[in-house]
Amino acid sequence: MHAPHATGQAGIQDDTEAFDLDGDTLREECGIFGTLGQSDAAALTALGLHALQHRGQEAAGIVTFDGEQFRSERHMGLVGDHYTDAATLEKLPGKAAIGHVRYSTTGETALRNVQPLFAELSAGGIAVAHNGNFTNALKLRKEIIKDGAICQSTSDSEVVLHLIARSQKERSSDRFVDAISQMEGGYALIALTRTKLIGARDPNGIRPLVLGDLNGSPILASETCALDIIGAKFVRDIKNGEVIICERQPNGEVTIESSMPFDEKPERMCLFEYVYFARPDSIVSGRSVYNVRKNMGINLAREAKIDADVVVPIPDGGTPAAIGYAQESGIPFELGIIRNHYVGRTFIEPSQQIRAFGVKLKHSANRGQLDGKRVVLVDDSVVRGTTSLKIVQMVRDAGAKEVHLCVSSPKITHSDYYGIDTPDPSKLIANQYVDHDEMCKFIGCDSLHFLSVDGLYDAVGGVKRDPKNPQFTDHYFTGEYPTRLVDLEAEKGNIKQRSMLREAG
């Protein structure tokens, strides 16, 4: 199927969409952080969330326990907009805290959906936060509402709270395990009780979670970069299917107990953690994200041999792969595009004139490195292609003689239901232009190259993909989902919860 306009100048027809500076990307997932036993738990959590800000920029929340009661601060916006204020942190006393940064993959953007979510249960208070999506959350939500439950958010985490509340187990940790045993999908989840910090990863290990240590206190975080910012030591990755319980004993000592309550299976980490989501300085499942992305560029250079003068990354995502491409190909690496890091999604009220600036608000061409050159332009992924065509045109306007777009991941053909907010499959450029030459023509480049699936597998794990037992989660490239999509099947393609309740303000 071809899109209605197959030229390099075609693109977005809606002005609002055109001004959405991050509209042609895969939306970040979420980031979680928790600590137990540190007197400045809220401040440490705020620092950890700051390091995880790339995983979600719409909202942030922190819940603490001060020995007597739980305290909660949840806000729309960035971590630095709220949690650098001493007055805010003073509202969050205690030696235990969990926090969350959010992009709304499930549930609309509203304060009532900002995590961590908290509830008073018969066994005591509990706060919960997660990264990922439960693929049967709607089914379970309907069941608990039918039984009389009242849901006040559209977040998957609230379903977990209800399942914990309904559990007949005695210990809070057993209730937690009982609840997540009913959930399907890809998730990393943390919970805070009066005495415990609990963490868990889904049985396939789709979403990451790591354990750190800060002067004897346990830290749970989505990525190792959150440990680095507070000077914590990396201990290990939480295993797929593992539940880890950190508990403060009456004498003040913190114990750590691990269990594997589910059938064990090989880990299948989400490949997009390496391609796009994780910070380059993080270590994910024992692999340096930066080195993996360089390897992607190296393999891309081997697969797409281009006679060119300069290799230019589309910053910031394409930079490590462009370095790898340049090293392997011998073509010089230059910063031919400069990114403006101070432009947010709500820069100014977009008039028609401002909308016309498009990607120039975020990227500008470095004419001195592009004029008269044959350019290899390296990006980490192409979703709808609308940003790609604008950047290619910008590079041409700066005098480039040829523009060859090289993408360090395969074509994205399927939606994700494990925490990545991907467009509808019909809006993905790989589905709009099945013919490769037509896709290239739409973007307006001289040639277009995607890294092969085997090339990506080799870059991450050192071997090609095993089609019988894929080593990673890769459904967005292959259509092979690692779990059942219960809600998708039941809702006939509508995975997202619709709600008539709107947050005031």
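Before reading on, note that the structure itself is shown above.
Residues numbered from 1 in each chain as written. Predicted model: local features only at pLDDT ≥ 70, side-chain atom pairs only at ≥ 80, totals over all residues. Heavy atoms only, no water.

Asker: Tell me what's going on with the overall build of the protein, and back it up with residues and numbers.
Answerer: Looking only at helices and strands, the protein features 18 helices and 21 strands. For the protein, the proportion of its 505 residues judged to be buried stands at 57%. Here the analysis covers contacts within the protein between residues at least 6 apart in sequence; of these, 69% occur between residues at least 24 apart. When the accessible surface of the protein is summed, it comes to about 20700 Å², and 48% of that surface belongs to carbon and sulfur atoms. (Helix = DSSP H or I, 4+ residues; strand = E, 2+ residues; numbered from the N terminus. Buried < 20%, exposed > 50% of the residue type's maximum accessible area, 1.4 Å probe, protein only. Contact = heavy atoms within 4.5 Å. Areas by Shrake-Rupley, 256 points an atom, 1.4 Å probe, with all protein chains shown as cover.)

Asker: Explain the packing of helix H5 (residues 156-166) against helix H6 (residues 172-180) residue by residue, including any values.
Answerer: For the pair H5 and H6, the least separation of the axes is 8 Å and the interaxial angle reads 125 degrees. It follows that H5 is oblique to H6 by the angle criterion. The interaxial crossing formed by H5 with H6 has right-handed handedness. Together, Val160, Leu163, Ile164 and Ala165 of H5 and Arg175, Phe176 and Ala179 of H6 make up the contact between the two elements. In terms of residue class, the contact of H5 with H6 is made up of six nonpolar, no polar and one charged. (Axes fitted to C-alpha atoms, helices over the stretch in contact; angles between N-to-C directions. Parallel < 35°, antiparallel > 145°, perpendicular 65-115°, else oblique. Left-handed = near helix turned anticlockwise from the far one by under 90°. Nonpolar A, V, L, I, M, F, W, Y, C, P; charged D, E, K, R; others polar.)

Asker: Which residues make up the state of the cysteines, and what values go with them?
Answerer: Enumeration according to the criterion identifies zero disulfides in this entry. Distance from the sulfur of cysteine 445, which forms no disulfide, to the nearest cysteine sulfur (cysteine 440) is 3.6 Å. By relative accessible area, which is 8% here, cysteine 445 ends up buried. (Disulfide = S-S within 2.5 Å.)

Asker: Summarise the pattern of salt bridges; cite the residues concerned and give the values.
Answerer: Across all of its chains, the model carries 18 salt bridges by this definition. The salt bridge partner of arginine 171 is aspartate 174, with a shortest N-O separation of 3.7 Å. Accessibility expressed as a relative area gives 38% for arginine 171, which makes it partly exposed. Put simply, glutamate 480 and arginine 465 hold a salt bridge, and the shortest N to O gap is 3.0 Å. Within this pair, whereas glutamate 480 is found in the loop between helix H17 (475-478) and helix H18 (486-490), its partner arginine 465 is found in the loop between helix H16 (453-461) and H17, the two being separated by 15 residues in sequence. The buried category is assigned to arginine 465, whose relative accessible area is 13%. Residues joined by salt bridges that share partners form a network here, namely Arg55, Arg207, Glu223 and Glu273. (Salt bridge = Lys/Arg side-chain N within 4 Å of Asp/Glu carboxyl O.)

Asker: Lay out the sheet that holds strand S6 (residues 124-134) with the relevant residues and their values.
Answerer: Spatial strand order, S5-S6-S7-S8-S12-S13: six strands in an open sheet with antiparallel pairing. Of all the strands in the sheet, the pair left with one neighbour each is strand S5 (117-121) and strand S13 (254-259). Going across the sheet, the axis of each strand differs from the next one's by a mean of 20 degrees, ignoring polarity. The pairing of S5 with S6 spans five bridges and is antiparallel. Looking at S6, one finds that glutamate 120 is bridged to glycine 125. (Pairing = 2+ DSSP bridges.)

Asker: Explain the side chain of histidine 100 to me, using residue names and the numbers behind them.
Answerer: Among the structural elements, histidine 100 can be located in strand S4 (residues 96-102). For histidine 100, a relative accessible area of 0% puts it in the buried group. There is a polar contact of 2.9 Å between the side chain of histidine 100 and the backbone oxygen of histidine 130. Apart from the residues within four sequence positions on either side, histidine 100 is in contact with Cys30, Gly31, Ile32, Leu49, Ala59, Ala60, Gly61, Gln115, Pro116, Ala129 and His130. (Polar contact = N/O pair within 3.5 Å; in protein donor to acceptor, adjacent residues only side chain to side chain.)

Asker: Residues and numbers for the packing of aromatic side chains, please.
Answerer: The description of two aromatic rings rests on the distance between their centres and on the angle between their planes. Throughout the structure, instances matching the rule amount to 12 aromatic pairs. The interplanar angle of 50 degrees and the centroid separation of 5.0 Å between the aromatic rings of phenylalanine 134 and tyrosine 187 together place this pair among those described as tilted. One end of the pair, phenylalanine 134, is in strand S6; the other, tyrosine 187, is in strand S7 (residues 185-192), and 53 residues separate them in sequence. Given a relative accessible area of 1%, tyrosine 187 falls into the buried group. Grouping aromatic residues by their ring pairs yields a cluster made of Phe272, Tyr276, Phe277, Tyr476 and Phe477. (Phe/Tyr/Trp six-rings, centres within 6.5 Å; stacked < 30°, edge-to-face > 60°.)

Asker: I'd like a rundown of the nonpolar core, residues and numbers included.
Answerer: Formed by 44 residues in total, the largest nonpolar core has its most connected members in Phe272, Met296 and Tyr325. When residues of this core are traced back to their parent elements, those giving at least two are helix H8 (271-277), helix H9 (289-303), helix H10 (319-329), strand S19 (374-379), H16 and H17. For this core, the leading source of residues is H8, giving six residues. Beyond its immediate chain neighbours, meaning those up to four positions away, methionine 296 contacts Tyr274, Val275, Ser408, Leu451, Leu456, Ala459 and Val460. (Core = buried A, V, L, I, M, F, W, Y, C linked by side-chain atoms within 4.5 Å.)

Asker: Summarise the pairing of strand S9 (residues 210-214); cite the residues concerned and give the values.
Answerer: The buried count for S9 comes to four of five residues, which makes it a mostly enclosed element. Bridge count for S9 against strand S11 (residues 233-237) is four bridges, and the pairing is antiparallel. Within S11, the position partnered with leucine 211 by the bridge is arginine 236. Counting the residues between successive antiparallel strands, the hairpin from S9 to strand S10 (residues 217-221) contains two residues, one of them, asparagine 215, with a positive phi of roughly 55 degrees.

Asker: Describe H5, naming the residues involved and giving the relevant values.
Answerer: Counting buried positions over the 11 residues of H5 gives nine, a clear majority of the element. Looking only at H5, the buried set comprises Asp156, Ser157, Glu158, Val159, Val160, Leu161, His162, Leu163 and Ile164. Capping the start of H5, serine 155 holds a side-chain oxygen 3.1 Å from the backbone nitrogen of serine 157, two or three residues further along.

Asker: Explain the sheet that holds strand S20 (residues 402-407) residue by residue, including any values.
Answerer: The strand order across the open sheet formed by four strands is S16-S19-S20-S21, and the pairing between neighbours is parallel. Where the open sheet ends on each side, the last strands, each with one partner, are strand S16 (310-313) and strand S21 (447-450). Across this sheet, the average inter-strand angle for adjacent strands is 25 degrees, counted without regard to direction. Bridge analysis of S16 against S19 gives four bridges, and the strand direction is parallel.

Asker: How would you explain H6 if you had to name every residue and give the values?
Answerer: Of all nine residues making up H6, seven are buried, and the element is well covered by its neighbours. The set of residues buried in H6 consists of Ser172, Ser173, Arg175, Phe176, Val177, Ala179 and Ile180. Contacts made by the buried residues of H6 are with H5, S7, strand S8 (196-201) and strand S12 (243-248).

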